[in-house]
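# Breakdown of the fold
These are the residues of each chain, in order.
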Amino acid sequence: MTRAREARAGLLRRKLSDNLLAYAFMAAGLACFALFSWYPLVKGVILSFQQDNFVVPPYWVGLDNYRALFADPLFYTAWKNTLFFTALALVFGYVLPFFIAVLLNEFRHFSGYFRVLVYLPVMLPPIVSVLLWRYFYDPGNGLFNSILRGVGLPESQWTQSSDTAMISLVLISTWANLGGATLIYLAALQNIPGELYEAAELDGASIWQRLRHVTFPQMRFIMLVLLLLQIVATMQVFIEPYALTGTSNPDTVTVLVLVYRYAFTVNNDFGLAAAMSVLLFVVLGAFSAIYLRLTRSAD
């Protein structure tokens, strides 16, 4: 019995010594991750139960911040606008890159040029894209209104109108982020064996039938991952509404714009802003867990 115990202890010591360097590298990575990811997360949750303007010492208010959020009418407006933006962004920014990737995959000449052209907006800083589109949307001498005047159509207020403000923001976001999703789709398309398409053509399958029975099943995993990433990213939209319409326009205020409004403009209360951020984190976390559970069950 003693020999067996000594043998097990010796085996454990050898395993630890063999993996000591790996554990050292892992510890450094975990320390960085904890410092720059987990610590701000925990600090934000604690801050959501405090009233703090970073001038006077914070004090504990418990659930008062959350009660104040649910009593604010702008809270519900921000969530409604965010969900509406996400739905529109899925229609344009999730479906459109797929069909562009299918089209690019069919090109035999100048395919590299078209890929660079599609990806070019992604390389621009987001604020540069927004400022460029601000010129397009200018209600006076903007490019879009100049085109409308040229063809005899009525002009639009674009971001200043409640009917077109959110769609205008979605178009900017779609244009700026289209290239990344398109190239991911394109890479997945090029990994589909050509024999599957050849067999489908021999069976007389149309283009839509080849998409439905070959392309979609082969790309199902990539499409599900991109769907989750698209929803998480669009629900955190901030730059477009902040730079184009500010923090006081109820037609375009989103959850993160409201967080900025609570922290820096109206309330100057970082505890209230942290409470709003925690709610967004909970909603996105719950959605991601449910989504992953459903997709795992489907698999």
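Residues numbered from 1 in each chain as written. Predicted model: local features only at pLDDT ≥ 70, side-chain atom pairs only at ≥ 80, totals over all residues. Heavy atoms only, no water.

The name given to the protein chain in an unreviewed UniProt entry is Sugar ABC transporter permease, with the source organism recorded as Winogradskya humida. Among the UniProt annotations of the protein chain, the heading Sequence similarities (unreviewed entry) holds the following wording: "Belongs to the binding-protein-dependent transport system permease family." Regarding the protein chain, the relevant UniProt record gives this comment under Subcellular location (unreviewed entry): "Cell membrane". (UniProt positions renumbered as here; feature names shortened; annotations may be inferred.)

### Notes on the UniProt feature "domain: ABC transmembrane type-1" (unreviewed entry) in the protein chain
Feature annotation in UniProt places "domain: ABC transmembrane type-1" (unreviewed entry) on residues 79–291, given in this structure's numbering. Across residues 79–291, helical content stands at 77% and strand content at 0%; the span's end C-alpha atoms are separated by 20 Å. (Helix = DSSP H or I, 4+ residues; strand = E, 2+ residues; numbered from the N terminus.)

### Thoughts on the environment of Leu-88
Along the chain, Leu-88 turns up in helix H4 (residues 73–106). With 82 residues separating them along the chain, Leu-88 and Val-170 place their C-alpha atoms 6.7 Å apart. Excluding its chain neighbours within four sequence positions, the residues that come into contact with Leu-88 are Met-166, Ile-167 and Val-170. (Contact = heavy atoms within 4.5 Å.)

### Focus: the pattern of salt bridges
Scanning all chains against the criterion turns up two salt bridges. One salt bridge in this structure joins Asp-64 and Arg-67, with 2.7 Å as the shortest N-O distance. Of this pair, Asp-64 and Arg-67 are both found in helix H3 (residues 64–71), three residues apart, which corresponds to roughly one turn of the helix. Accessibility expressed as a relative area gives 41% for Asp-64, which makes it partly exposed. Here Glu-155 ties to Arg-149 by a salt bridge, and the two come within 2.9 Å at their closest N and O atoms. (Salt bridge = Lys/Arg side-chain N within 4 Å of Asp/Glu carboxyl O. Buried < 20%, exposed > 50% of the residue type's maximum accessible area, 1.4 Å probe, protein only.)

### Concerning the packing of aromatic side chains
Evaluation of the coordinates by the stated rule reveals 26 aromatic pairs. On the numbers, 5.8 Å between centres and 70 degrees between planes, the contact of Trp-133 with Phe-144 is edge-to-face. With a gap of 11 residues between them, Trp-133 in helix H6 (residues 126–137) and Phe-144 in helix H7 (residues 143–150) connect regions that are remote in the sequence. Taking the centre distance of 5.0 Å and the plane angle of 40 degrees together, the rings of Tyr-260 and Phe-264 count as tilted. Residue Tyr-260 and its partner Phe-264 are both found in helix H13 (residues 255–265); the two are separated by four residues, about one turn of the helix. (Phe/Tyr/Trp six-rings, centres within 6.5 Å; stacked < 30°, edge-to-face > 60°.)

### A closer look at unusual backbone geometry
Even without a glycine there, the phi angle at Trp-158 is positive, about 55 degrees. The residue Trp-158 is located in the loop between H7 and helix H8 (165–190) in this model.

### Quick notes on the packing of H6 against H8
Each packed pair of helices is defined by two parameters, the angle between the axes and the distance between the axes. Packing of H6 against H8 brings their axes to within 11 Å, and their N-to-C directions diverge by 135 degrees. Put simply, H6 runs oblique to H8. As for how H6 packs across H8, the hand of that crossing is right-handed. Across from Ser-129, Val-130, Leu-132, Trp-133 and Tyr-137 in H6, the residues of H8 making contact are Ser-168, Leu-171, Ile-172, Trp-175 and Ala-176. (Axes fitted to C-alpha atoms, helices over the stretch in contact; angles between N-to-C directions. Parallel < 35°, antiparallel > 145°, perpendicular 65-115°, else oblique. Left-handed = near helix turned anticlockwise from the far one by under 90°.)

### Things to note about the confidence of the model for the protein chain
Model confidence for the protein chain is summarised by a mean pLDDT of 84, while 95% of its residues fall at 70 or above. Of all secondary-structure elements in the protein chain, the lowest mean pLDDT belongs to helix H1 (residues 2–18), at 67, while H3 reaches the highest, 92. (pLDDT = per-residue confidence, 0-100.)

### Some remarks on the side chain of Ser-288
If you trace the backbone, Ser-288 turns up in helix H14 (residues 270–298). Judged by relative accessible area, Ser-288 falls into the buried class, the value being 17%. At a separation of 2.8 Å, a polar atom in the side chain of Ser-288 contacts the main-chain carbonyl oxygen of Leu-284. Filtering out sequence-adjacent residues up to four positions away, Ser-288 remains in contact with Leu-228 and Val-232. (Polar contact = N/O pair within 3.5 Å; in protein donor to acceptor, adjacent residues only side chain to side chain.)

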